[in-house]
Amino acid sequence: MDWNTICSYGAELALADTQLATLNAIFEKTKNSLLPECLKKWHQGGIEQYVQEHLTDPIEQYQFLLLLHIATVPFFKEYYKDLPSGMAKEISADTGIWVKKMTADYGVPCLDTRIFGWCRDCFNTRVKQFGRLQCNSKDPYLCQNFLYRNPDGTVDVVEGDDPDPSRGTPALKYGDPVINIHIPEAGPMYRADIVASLHAMADFSANYQPDYDYKAIAAYSWLLDPAFRTLLPETSNIIAFQNLGHVFIMPSRPDETLEVIWRLWGRKEMLAGPEKAMEFEQRTSLQRNVAKYLAAGGKFTEYAMIIFRDEMEKL
Ligand SMILES: CC(C)(COP(=O)(O)OP(=O)(O)OC[C@H]1O[C@@H](n2cnc3c(N)ncnc32)[C@H](O)[C@@H]1OP(=O)(O)O)[C@@H](O)C(=O)NCCC(=O)NCCS
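Residues numbered from 1 in each chain as written. Predicted model: local features only at pLDDT ≥ 70, side-chain atom pairs only at ≥ 80, totals over all residues.

Quick notes on the pairing of strand β3 (residues 145-149)
Then step 1. Relative to strand β4 (residues 155-159), β3 is paired through five bridges, and the arrangement is antiparallel. Across the sheet, R149 pairs through a bridge with V155, a residue of β4. (Pairing = 2+ DSSP bridges. Helix = DSSP H or I, 4+ residues; strand = E, 2+ residues; numbered from the N terminus.)

Side note on the site of the ligand
Then step 1. Not every one of the 17 residues close to the ligand is listed here, only the nearest: S236, N237, I238, S285 and L286.
Then step 2. Going through the elements one at a time, α12 (237-242), α13 (257-264) and α15 (285-295) are the ones with two or more residues in the shell around the ligand.
Then step 3. Element by element, the count of residues in the shell around the ligand is highest for α15, at three residues.
Then step 4. Residue composition of the shell around the ligand, by class: nine nonpolar, six polar and two charged. (Near = placed C-beta within 6 Å. Nonpolar A, V, L, I, M, F, W, Y, C, P; charged D, E, K, R; others polar.)

Some remarks on the sheet that holds β3
Then step 1. The strand order across the open sheet built from three strands is β4-β3-β5, with neighbouring strands paired in antiparallel fashion. This sheet does not close on itself; its edge strands, each paired only once, are β4 and β5 (172-173).
Then step 2. Here two bridges tie β3 to β5, and the two strands are oriented antiparallel to one another. Note that in β5 the partner of L147 across the bridge is L172.

Observations regarding the environment of D161
Then step 1. You can see D161 is positioned in the loop between β4 and β5.
Then step 2. Look at D161 and you get exposed, because 8 C-beta atoms sit within 10 Å.
Then step 3. Expressed as a C-alpha distance, the spacing of D161 and Q144, which sit 17 residues apart in the sequence, is 6.7 Å. (Buried ≥ 20, exposed ≤ 12 C-beta atoms within 10 Å, placed from the backbone.)

Quick look at the domain arrangement of the protein chain
Then step 1. The domain architecture assigned to the protein chain consists of domain 1 (3-126) and domain 2 (136-256 + 300-314).
Then step 2. Here the C-alpha centre of domain 2 lies 30 Å away from the C-alpha centre of domain 1.
Then step 3. Facing the four residues of domain 1 at the interface are four residues of domain 2.
Then step 4. When grouped by side-chain class, the residues that make up the side of domain 1 that touches domain 2 number one nonpolar, no polar and three charged. (Domains from an automatic or database assignment. Contact = placed C-beta atoms within 7 Å.)

Digging into the nonpolar core
Then step 1. If you look at the biggest cluster of nonpolar residues, it comprises 39 residues, and the most contacted ones within it are A216, I217, A218, A304 and I306.
Then step 2. With five residues, strand β9 (residues 303-308) is the largest single contributor of residues to this core.
Then step 3. Not counting residues up to four positions away in its chain, the partners in contact with I217 are V178, I179, I181, L198 and I307.
Then step 4. Core analysis: the next-biggest nonpolar cluster, separate from the first, contains 34 residues, L13, A88, W98 and L111 among them. (Core = buried A, V, L, I, M, F, W, Y, C linked by C-beta atoms within 7 Å.)

Here we look at the sheet that holds strand β2 (residues 133-140)
Then step 1. Here six strands make up an open sheet; going across it, the order is β1-β2-β6-β7-β9-β8 and the pairing mixed. Only two strands of the sheet have a single neighbouring strand rather than two, namely β1 (128-130) and β8 (246-249). Neighbour to neighbour, the strand axes of the sheet diverge by 30° on average, direction disregarded.
Then step 2. Pairing of β2 with strand β6 (residues 177-182) involves five bridges; the strand directions are antiparallel. (Axes fitted to C-alpha atoms, helices over the stretch in contact; angles between N-to-C directions.)

Considerations on the packing of helix α8 (residues 87-106) against helix α9 (residues 113-123)
Then step 1. Their axes nearest at 9 Å, the elements α8 and α9 cross at an angle of 170°. Relative to α9, the element α8 is oriented roughly antiparallel. Two secondary-structure elements touch here, α8 through I91, D94, T95, W98 and M102 and α9 through I115, C119 and C122.
Then step 2. Taken together, the residues of the contact of α8 with α9 break down into six nonpolar, one polar and one charged. (Parallel < 35°, antiparallel > 145°, perpendicular 65-115°, else oblique.)

Examining the environment of P74
Then step 1. With respect to the element layout, P74 can be found in helix α7 (residues 73-80).
Then step 2. With 12 C-beta atoms counted inside 10 Å, the residue P74 sits in the exposed group.
Then step 3. Spatially, the C-alpha atoms of P74 and R283 are 40 Å apart, while their sequence positions differ by 209 residues.

Here it is in structure tokens:
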């Protein structure tokens, strides 16, 4: 593969010439060995570890992962060739979104190991995009709990390995088929766009995977922590998102405090830690309120949200 080909693939992902130019040195260093080897291994996985074994400098590793991702554009096109036209174009924008975030985090256009895996999943269709939202259109439900629906529309959650036999069959349990949604960093997320995305996902599922008997839409996110109800106005899109479904704490109770710092500010602030929160930039109301909350010892936890299939039509 020559440099002009890399540049043409990068342009298809809407990466700028100036961004691509920063990858030329790593291309020259790896074009005869690591790059072709990793292209051969791409489908089988394990790339991140292989790259770590062959490049010692982390920034070089991350630049190489971006170069490799760009070089897999032909695989991406192959994966999407039988899906509706427009789907490939829509998700191709995700690379640019992450390159922007990674550039802010590391100072150069790149993909770190976590985000490379994500971008690969966007290319191999494990993650698909429908308007404002992305999803794993086939995914097992990840929470170790049992959800029981009440006649008034509320849901009871029983955590642990054992269902409650007095409640009959749970409406959802660990491992059940769901559609798992994600929100790309692509500007504000208006409720109407979110709902349109959910309906587009349901239509896609009906047409392209009619035998996939998913029980619900599932989200697992820092955005779902109820603490945001005191940190944001009622009119906020994040609160509107929380109001779409049934929200409950992840049974594993992952501490999301550093994730929230990373999402609201970036890697430098995440490494500085919550004690320094009042020194972080306070550009938005959320940054101002979260900084105060962290300074007072507040923490964030990951929560889940479920929207049952028959609840979608009422959205
Ligand atoms: C999810 C997301 C689109 C929500 O943004 P939004 O639609 O603007 O959300 P809200 O309407 O609730 O925002 C209310 C306020 O918080 C601010 N805000 C929201 N998300 C913010 C973020 N990630 N960083 C800084 N400020 C943020 C808004 O700018 C607004 O500020 P203002 O009152 O000063 O105008 C945004 O947070 C984002 O892009 N996050 C990154 C992607 C992500 O975290 N996805 C989920 C992964 S699990």
